[in-house]
Amino acid sequence: MFRDRFYVSLVLTVPVVLYSGILRTLFGFEPPAFPGSDLVPLVISTFVFFYGGLVFLRGAVGELAARLPGMMTLISLAITVAFVYSVVATIALPGQFVYYDAAAVIVTLIYLGKYLESVATRSSGSSRPSSP
């Protein structure tokens, strides 16, 4: 599951980064403009947030209901704050958004990490000696 969500989110993060302005600031790269191109980060990041983040948001609800906040709560808080800030900044301060941060957090740090963790867990579990 983490692998599939990682790849889908990774592919969707590329246009978010391209149209968010960070490449323009760093390298002077200007993506092709078209009517509505300024909404690309908002639209795609919204999808990435809910598609990629829903697993973590649901996990946080369970942790909070059990009164045992943990990693899912922390991840949910991080991605929610980044996403909500981006939306508010887009409305109140046009041009000052960080959609690429929210998408990158979901994709690189969380899904890639979770995928690698599951691979490592599977491989370490198969090499354990059996108990007598």
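Keep in mind the model is a prediction, meaning the values are calculated, not measured.

Colleague: Can you explain the packing of aromatic side chains? Please cite residues and give values.
Modeller: Under the defined criterion, the tally for this structure stands at seven aromatic pairs. When the centroid spacing of 4.6 Å and the interplanar angle of 5 degrees are considered together, the rings of F49 and F83 count as stacked. With F49 in helix α3 (residues 40–65) and F83 in helix α4 (residues 71–92), this residue pair connects regions lying 34 residues apart in the sequence. Where F50 meets F83, the ring centres are 6.4 Å apart and the plane angle is 75 degrees; that geometry is what we call edge-to-face. Linking F50 in helix α3 with F83 in helix α4, this pair joins segments that are 33 residues apart in sequence. An aromatic cluster is defined as three or more aromatic residues linked by ring pairs; in this entry it consists of F49, F50 and F83.

Colleague: Help me get a handle on the nonpolar core, residues and values and all.
Modeller: Judged by nonpolar contacts, the single largest core of 23 residues is most densely connected at V16, F56, I106 and Y111. Those elements that provide at least two residues to this core are α1 (2–20), α3, α4 and α5 (99–126). No other element matches the eight residues that α5 contributes to this core. Beyond its immediate chain neighbours, meaning those up to four positions away, F56 contacts F2, M72, I75, S76, I110, Y111 and K114.

Parameters and conventions
Residues numbered from 1 in each chain as written. Predicted model: local features only at pLDDT ≥ 70, side-chain atom pairs only at ≥ 80, totals over all residues. Heavy atoms only, no water. Phe/Tyr/Trp six-rings, centres within 6.5 Å; stacked < 30°, edge-to-face > 60°. Helix = DSSP H or I, 4+ residues; strand = E, 2+ residues; numbered from the N terminus. Core = buried A, V, L, I, M, F, W, Y, C linked by side-chain atoms within 4.5 Å. Buried < 20%, exposed > 50% of the residue type's maximum accessible area, 1.4 Å probe, protein only. Contact = heavy atoms within 4.5 Å.

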